[in-house]
Amino acid sequence: MRLVTRFAAVAILAAAILAVPLAGGASAKEWKTVRIGTEGAYPPFNYMDKGELKGFDIDIAKALCAEMKVECTFTAQDWDGIIPALLAGKYDAIVASMSITEERKQQIAFSNKYYKTAAIFAAPKDSKITDTSPAALKGKVLGAQASTIHSNYLEDVYAKAGAEVKLYGKQDEANLDLANGRLDAVLADKIVLLEWLNSKDGGCCQFVGADHTDAKYFGEGIGVGIRKGDPELVAMFNKAIDAIVANGTYKTINDKYFPFSVY
């Protein structure tokens, strides 16, 4: 009887030890503040207005943070350094119209998509370009923002077919060269180009060809970029995205910027 009792006591003690979280962080991190990195140079999704970050990405990020009941802070970061800065701990999440691609998944984790749009070419209104297939654009000078899905697509598909590809640090720089006749066409997000085409500076140009949606290059949509070591933050963003879509907050933000759903 004593032997049985001793074994029972040992079992209870072992169970109690296993139930106590290990020191040093075996339990999930409690997020009270989430630092968000964005570009601030990609209207209408993210841009600077009198020193303040604004745009669809910013409004969505604020809504997600409110849903998660965390404080948000924002940092503007040049696009080509936006993933390295996340990995270096400068901020906790990227909300900057970043496409979810297999290549990027090798470096960081992503939330589920919070929007998805197609890519398209723009060219001067007096251009004779109508067909935007790789064969049709052989010998043309094509532009895109560097380190984007659009630049990857141009370099992998169009450059190999004989087009000259020029890359730019910001989308506005590519648009400016198109307007000034230094490019034959620019490839970018359809909504971003539409914003520019509807402006005074973009009056020179128009969409040409069909939408480009190849999942190999254009991914699964736009998601929040997060370090792989923060899976609980990924789950929080996923839950919050579902919530703002379900409760109508997403639609309110969507309708502020677009006459159609981008979800």
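Our subject is the structure listed above.
**Q** Can you walk me through the overall build of the protein in this structure?
**A** When helices and strands are counted, the protein shows 10 helices and 13 strands. Looking at the protein residue by residue over its 263 residues, the buried ones come to 45%. Across the protein, every contact between residues at least 6 apart in sequence was considered, and the portion connecting residues at least 24 apart equals 69%. As displayed, the protein offers around 13,500 Å² of accessible surface, 55% of which is attributable to carbon and sulfur atoms.

**Q** It is not clear to me how the pattern of salt bridges should be interpreted in this structure. Could you clarify?
**A** Here the idea is simple: oppositely charged side chains can pair when their charged atoms come close. With the rule as written, the count across this model stands at 11 salt bridges. Ionic pairing is found between Lys105 and Glu220, a salt bridge with its closest N-O pair at 2.7 Å. Of this pair, Lys105 sits in helix α4 (residues 102-105) while Glu220 sits in the loop between α8 (215-218) and β13 (222-226); the two residues are 115 residues apart in sequence, bridging distant segments of the chain. A salt bridge links Asp211 to Lys190; the nearest nitrogen and oxygen atoms lie 3.1 Å apart. Of the two residues, Asp211 sits in strand β12 (residues 205-212) while Lys190 sits in helix α7 (residues 190-197), which places them 21 residues apart along the sequence.

**Q** Looking at this model, I keep getting lost on the sheet that holds strand β11 (residues 185-189). Mind explaining?
**A** Note: strands within a sheet are paired through backbone hydrogen bonds, in either parallel or antiparallel orientation. Spatially, the 5 strands line up as an open sheet ordered β10-β9-β11-β8-β12, and their pairing is mixed. Either end of the sheet is taken by a strand with one partner, and the two such strands are β10 (164-168) and β12. Direction aside, neighbouring strands of the sheet carry axes that sit 30 degrees apart on average. Two elements, strand β8 (residues 119-124) and β12, share 5 bridges in a ladder whose sense is antiparallel. Residue pairing in the sheet places Pro124 in a bridge with Cys205 of β12. Lying over the sheet, helix α5 (residues 149-158) contacts β8, β9 (141-145), β10, β11 and β12, oriented at roughly 150 degrees with respect to β9. Packing of helix α6 (residues 171-179) onto the sheet brings it into contact with β8, β9, β10, β11 and β12, and relative to β11 it is tilted by some 150 degrees.

**Q** Can you help me understand the environment of Leu194 in this one?
**A** As for its placement among the helices and strands, Leu194 is situated in helix α7. For Leu194, a relative accessible area of 32% corresponds to the partly exposed category.

**Q** Even after reading the chapter, I still don't get α6, so can you show me in this structure?
**A** Since there are 3.6 residues in each turn of an α-helix, residues three or four apart along the chain are aligned in direction. Looking only at α6, the buried set comprises Gln171, Ala174, Asn175, Asp177 and Leu178. One face of α6 carries all of its buried residues, which in axial projection span an arc of 160 degrees. After α6 finishes, the residue Gly181 shows a positive phi value of roughly 80 degrees.

**Q** Just checking my understanding: could you explain the pairing of β13 for this structure?
**A** Regular strands show a simple pattern: their side chains alternate between the two faces of the sheet. Of all 5 residues in β13, 5 are buried; the element is thus mostly enclosed. The sheet contact formed by strand β6 (residues 93-99) and β13 spans 4 bridges and is antiparallel. By the bridge assignment, Ile94 is partnered in β13 with Gly225.

**Q** Explain the nonpolar core here, please?
**A** Soluble globular proteins tend to bury their nonpolar side chains together. Phe56, Tyr114 and Phe237 are the most contacted members of the largest nonpolar core, which has 33 residues in total. Within the residue set of this core, elements represented by two or more residues are β1 (33-38), α2 (56-68), β6, β7 (109-115), α7, β13, α9 (231-246) and α10 (249-257). Ranked by residues supplied to this core, first place goes to α2 with 7 residues. Ignoring sequence-local partners within four residues, the contact set of Phe237 consists of Val34, Leu64, Met68, Ala93, Ser111, Val224 and Ile226. Of all hydrophobic cores here, the second largest spans 17 residues; its members include Ala123, Leu137, Ile149 and Tyr158.

Basis of the calculations
Residues numbered from 1 in each chain as written. Predicted model: local features only at pLDDT ≥ 70, side-chain atom pairs only at ≥ 80, totals over all residues. Heavy atoms only, no water. Helix = DSSP H or I, 4+ residues; strand = E, 2+ residues; numbered from the N terminus. Buried < 20%, exposed > 50% of the residue type's maximum accessible area, 1.4 Å probe, protein only. Contact = heavy atoms within 4.5 Å. Areas by Shrake-Rupley, 256 points an atom, 1.4 Å probe, with all protein chains shown as cover. Salt bridge = Lys/Arg side-chain N within 4 Å of Asp/Glu carboxyl O. Pairing = 2+ DSSP bridges. Axes fitted to C-alpha atoms, helices over the stretch in contact; angles between N-to-C directions. Arc of directions from axis to C-beta. Core = buried A, V, L, I, M, F, W, Y, C linked by side-chain atoms within 4.5 Å.

In short, geometric facts, not functional conclusions.
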